[in-house]
Amino acid sequence: MVRALHSARFERVHIMGWRPIIKSRRDWEDVVPHLHDYADVRAAFSWEKAFKELDGLPGGRGLNIAHEAVDRHADGLRRDHLALRWIGKTGETQDFTYARLRELTNRFANVLQQLGVGTGNRVYALTGRIPALYVTALGTLKHRGVFCPLFSAFGPEPLRARLAIGEAGVLVTTEALYQRKVAGIRDALPHLRHVLLIGDNHRPSHVPGTLDFHLAMEQASDRYTIGPTAQEDPALLHFTSGTTGTPKGAIHVHQAVVAHHTTGKLALDLHKADVFWCTADPGWITGTSYGIIAPLTNGVTSLVVEEEFDAERWYRILQDERVTVWYSAPTAIRMMMKGGVAPVHKYNLSALRFLASVGEPLNPEAVVWSLDAFGRPFHDNWWQTETGGIMIANFAAMDIQPGSMGRPLPGIEAAIVRNTEEGSVEVITDPDMQGELALRPGWPSMFRGYWNEPERYRKCFVDGWYLTGDLAKRDKDGYYWFVGRADDVIKTSGHLVGPFEVESVLMEHQAVAEAGVIGKPDPIALELVKAFVSLKDGVEPSEALRRELLGHARSRLGAVVAPKEIAFLPSLPFLPSLPKTRSGKIMRRLLKARELGLPEGDTSTLEN
Ligand code: 6R9
């Protein structure tokens, strides 16, 4: 039995007992999707051809991300086109044309030059979504430094670890964040030579051992020539978390811009007249690849909204700014769903053409809900820090099976693989079989290493495949379906959290013997960080101690990373209270199964 429900562009086909399929009606109104026919575009695609859509540095001096994002438009017909519109917390706006952005990023490149910062040096940013962040990122790329964003909700410990691992030479941050989070760890960062501070409330900052960002900018020249940049020169450093050990710094090179540009065009369907809004935090890779680079290389207007999520404010912004393409994330979409469709319908969102989502599995209900709320479905897409750009997507012209991540981009070969006993991998060709999602290396934004950890990088590749660490299935039509992570890494409100980082901070506390950290399923945030703690001999569990540990973790790790829940494990004489393998690894999988009352699975390696 088939029931169809029509919206202007989409047809919702219900087949009894199945999720609806959202059919694209292919009447394109005024904008024809770049990827209008998946098979045709995929067959005709090559990265060499994609590369030709970029300009390259004048005089054949190579390829530089900032030139493609800013200067080539500032030198051309789009010089007076609005590149960035910033909306501050108090509602004030600042507009930057491509020409103005060129001038400001030239100034910042000159600031680095005058400070004697060499090419390849790491320039970190720790800010919210403020104009200085965009100037820092693009100015650093012009100067051929390596840009590394940090998440401003991190506490001092995750910040220290990331600044130390990447040997940060320069940090751009605000006076308030510096005082709260960096001043106390600065002594532990011998490589950090220059700190540039953005004063609060537009006032210059006078903190000893730092420079004022705006003063340095004013004194710098607005003319700058980008030096020769090789495609393989490092450009970006993005930290991500693994199950064990320190955070991993994924390195991306200038060539990545070919993928940023192409995926912006094919997966987000960016057209020159678009007003694009990416809601990601600048501390995570989406904030750079799609919050900064892809919209600018595509020459669109990119909206930068400083304030965090607020459903009604977001709808108002979509309406008032006439946003056409919107890139958001499941946690935010689930929060909007809580408020229902009525608040959405109060606004005129007729400009909206394309909605996309990334970062976590997007519930099928959320796809269907967005069709009711916005008249358009959210298009889920999949990628990760290591891939640098979107790899699998629901494209504008494609039928959507809600719950699926979509199909691989042109130029991307994906597969579901399984490990063999000989330590190699085997491609699973049968549809609907679960295995690890793997990608054939060679796309431009593939990470080129983990900073200073060649061994960890090498381990990601087996038999010519990059193993993503995600479990997935592929159906007979070539759509990919996310199953879960193959490791213990936690996704909470879209943020990847490594359990080891949290366990280490808990164990700093004098009362704690051991800690095991898991992601506990949550209807809004996907997972919440939950810690199981065993106490040292003679220490009694109490509500006061629980609160103290929560507070300790929060002040060291920051709000996103710190556990929201702590449970004490009973301490048994002579026995470790956390389940462990014989080789001493905490079996987080088992902690999670017990938390959820699920079968414990294979416990043959369990020690106690
Ligand atoms: C861009 C980004 C990567 C991990 C990834 C996977 C999860 C991302 C997803 C998704 C289900 C999607 N993930 N997109 N899971 N459906 N559409 O998020 O990068 O922070 O490195 O996280 O996020 O587990 O491996 P990153």
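Values in this document were obtained by computation on a predicted structure and should not be read as measured data.

Regarding the overall build of the protein chain
Helix and strand content of the protein chain: 18 helices and 31 strands. Projected onto the principal axes, the alpha-carbon positions of the protein chain cover approximately 75 × 75 × 55 Å. Burial status across the protein chain gives 59% buried among its 608 residues. Taking contacts inside the protein chain between residues at least 6 apart in sequence as the whole, the part at least 24 apart equals 68%. As displayed, the protein chain offers around 24,600 Å² of accessible surface, 52% of which is attributable to carbon and sulfur atoms. Side-chain charges of the protein chain comprise 69 positive and 72 negative groups, with the mean position of each set lying 1 Å from the other.

A closer look at the pattern of salt bridges
This model, assessed by the stated rule, comprises 41 salt bridges. With a closest N to O distance of 2.7 Å, Asp71 and Lys142 form a salt bridge. With Asp71 in helix α3 (residues 65-74) and Lys142 in helix α5 (residues 131-142), this residue pair connects regions lying 71 residues apart in the sequence. The exposure class assigned to Asp71 is buried, which follows from its relative accessible area of 7%.

Brief notes about the packing of aromatic side chains
Applying the stated rule across the entire model yields 25 aromatic pairs. Ring centres 5.1 Å apart and planes at 65 degrees place the aromatic pair Trp277 and Trp314 in the edge-to-face group. Here Trp277, found in strand β13 (residues 275-278), pairs with Trp314, found in helix α11 (residues 311-320); they are 37 residues apart in sequence, far enough to count as distant. We note that Trp277, like Trp314, is buried. The interplanar angle of 75 degrees and the centroid separation of 5.2 Å between the aromatic rings of Tyr290 and Trp383 together place this pair among those described as edge-to-face.

Observations regarding the sheet that holds strand β29 (residues 512-522)
One open sheet holds the 3 strands; their spatial order is β29-β30-β31, and the pairing between them is mixed. At either end of the open sheet lies a strand with only one pairing partner, and these are β29 and β31 (565-568). Across the sheet, the mean angle separating the axes of adjacent strands is 25 degrees when strand polarity is ignored. Relative to strand β30 (residues 526-535), β29 runs antiparallel, the two being bridged by 10 bridges. The residue bridging Ala515 from the neighbouring strand is Val533, located in β30. The sheet contacts of helix α17 (residues 543-557) involve β29, β30 and β31, and relative to β31 the element is tilted by about 135 degrees.

Observations regarding the domain arrangement of the protein chain
Here the domain parsing of the protein chain yields domain 1 (97-239) and domain 2 (490-596). Domain 1 and domain 2 are separated by 34 Å when their C-alpha centres are compared. Each partner contributes to the interface: domain 1 provides 8 residues, whereas domain 2 provides 10 residues. Interface of domain 1 and domain 2: buried area, both sides summed, is about 660 Å²; carbon and sulfur atoms make up 59% of it.

Looking at the packing of helix α16 (residues 499-507) against α17
Where α16 meets α17, the closest approach of the two axes is 9 Å, and the angle between their N-to-C directions is 120 degrees. When the axes of α16 and α17 are compared, the pair comes out oblique. For the pair α16 and α17, the crossing hand works out as right-handed. Counting all contacts with α16, which are made through Glu501, Val502, Val505 and Leu506, the residues of α17 involved are Leu549, His552, Ala553, Arg556 and Leu557. Its residues placed into classes, the contact of α16 with α17 shows 6 nonpolar, 1 polar and 2 charged.

Let's talk about helix α14 (residues 364-374)
A large share of α14 lies buried, amounting to 9 of its 11 residues. Here α14 has its buried residues at Pro364, Ala366, Val367, Val368, Trp369, Ser370, Leu371, Ala373 and Phe374.

A closer look at the site of the ligand
In the vicinity of the ligand lie 17 residues, with Asp380, Asn381, Gln384, Thr385 and Asp470 positioned nearest. Within the backbone of Pro361, a nitrogen or oxygen atom sits 3.5 Å from a nitrogen atom of the ligand. Thr385 places a polar side-chain atom, nitrogen or oxygen, 2.5 Å from an oxygen atom of the ligand. Starting from 540 Å² of accessible surface for the ligand in isolation, the protein chains cover 97%. At the level of elements, β17 (378-382) and β26 (480-485) are the ones that each hand at least two residues to the shell around the ligand. Among the elements that make up the shell around the ligand, the one with the highest residue count is β17 (3 residues).

Here we look at the pairing of strand β5 (residues 93-97)
In the sheet, strand β4 (residues 82-87) pairs with β5 via 5 bridges, with the strands oriented antiparallel. When the sheet's bridge partners are listed, Arg85 is paired in β5 with Asp95. Linking two consecutive strands that pair antiparallel, namely β4 and β5, is a turn of 5 residues; a positive phi of about 95 degrees is found at Gly91 within it.

Quick word on the layout of surface pockets
The computed volume of the second largest pocket comes to approximately 1,100 Å³. Along the wall of the second largest pocket there are 36 residues; nearest its centre are Trp86, Ile130, Thr174, Ile198 and Glu306. Those elements giving two or more residues to the lining of the second largest pocket turn out to be β5, α4 (98-114), α5, α7 (175-182) and α8 (213-219).

Quick notes on the sheet that holds β5
Taking strand neighbours across the sheet as the criterion, the 9 strands line up as β5-β4-β14-β13-β15-β16-β17-β18-β19 in an open arrangement whose pairing is mixed. Both outer strands of the open sheet, β5 and β19 (407-408), are each paired with one neighbouring strand and no more.

A short note on unusual backbone geometry
In the Ramachandran plot, Asp269 falls in the positive-phi region, its phi being about 55 degrees despite a non-glycine side chain. Structurally, Asp269 is set in the loop between α9 (256-266) and β13. Even without being a glycine, Leu526 presents a positive backbone phi close to 75 degrees. The residue Leu526 is located in strand β30 in this model. For Leu526, a relative accessible area of 24% corresponds to the partly exposed category.

Some remarks on the packing of helix α12 (residues 330-338) against α14
At a closest axis distance of 10 Å, the pairing of α12 and α14 adopts a crossing angle of 55 degrees. In terms of orientation, α12 lies oblique with respect to α14. Crossing of α12 against α14: the hand is left-handed. Where α12 approaches α14, its residues Ile333, Met336 and Met337 are matched on the opposing element by Glu365, Ala366, Trp369 and Phe374.

Quick look at the state of the cysteines
A complete count under the given rule lists 0 disulfides for this structure. No disulfide involves Cys148; its sulfur sits 17 Å from the nearest other cysteine sulfur, which is in Cys278. Given a relative accessible area of 0%, Cys148 falls into the buried group. For the unlinked cysteine Cys460, the closest cysteine sulfur is that of Cys148, found at 18 Å. Judged by relative accessible area, which is 12%, Cys460 ranks as buried.

Analysis parameters
- Residues numbered from 1 in each chain as written.
- Predicted model: local features only at pLDDT ≥ 70, side-chain atom pairs only at ≥ 80, totals over all residues.
- Heavy atoms only, no water.
- Helix = DSSP H or I, 4+ residues; strand = E, 2+ residues; numbered from the N terminus.
- Buried < 20%, exposed > 50% of the residue type's maximum accessible area, 1.4 Å probe, protein only.
- Contact = heavy atoms within 4.5 Å.
- Areas by Shrake-Rupley, 256 points an atom, 1.4 Å probe, with all protein chains shown as cover.
- Lys, Arg positive; Asp, Glu negative; His and termini not counted.
- Charge placed at Lys NZ, Arg CZ, Asp CG, Glu CD.
- Salt bridge = Lys/Arg side-chain N within 4 Å of Asp/Glu carboxyl O.
- Phe/Tyr/Trp six-rings, centres within 6.5 Å; stacked < 30°, edge-to-face > 60°.
- Pairing = 2+ DSSP bridges.
- Axes fitted to C-alpha atoms, helices over the stretch in contact; angles between N-to-C directions.
- Domains from an automatic or database assignment.
- Buried area = accessible area lost by both parts, 1.4 Å probe.
- Parallel < 35°, antiparallel > 145°, perpendicular 65-115°, else oblique.
- Left-handed = near helix turned anticlockwise from the far one by under 90°.
- Nonpolar A, V, L, I, M, F, W, Y, C, P; charged D, E, K, R; others polar.
- Near = heavy atom within 4 Å.
- Polar contact = N/O pair within 3.5 Å; in protein donor to acceptor, adjacent residues only side chain to side chain.
- 1 Å grid on protein atoms, 1.4 Å probe; cavity = no way out; pocket = protein on both sides within 12 Å on 5 of 7 lines; lining within 4 Å.
- Points joined across faces, edges and corners; volume = space filled by probe spheres on them.
- Disulfide = S-S within 2.5 Å.

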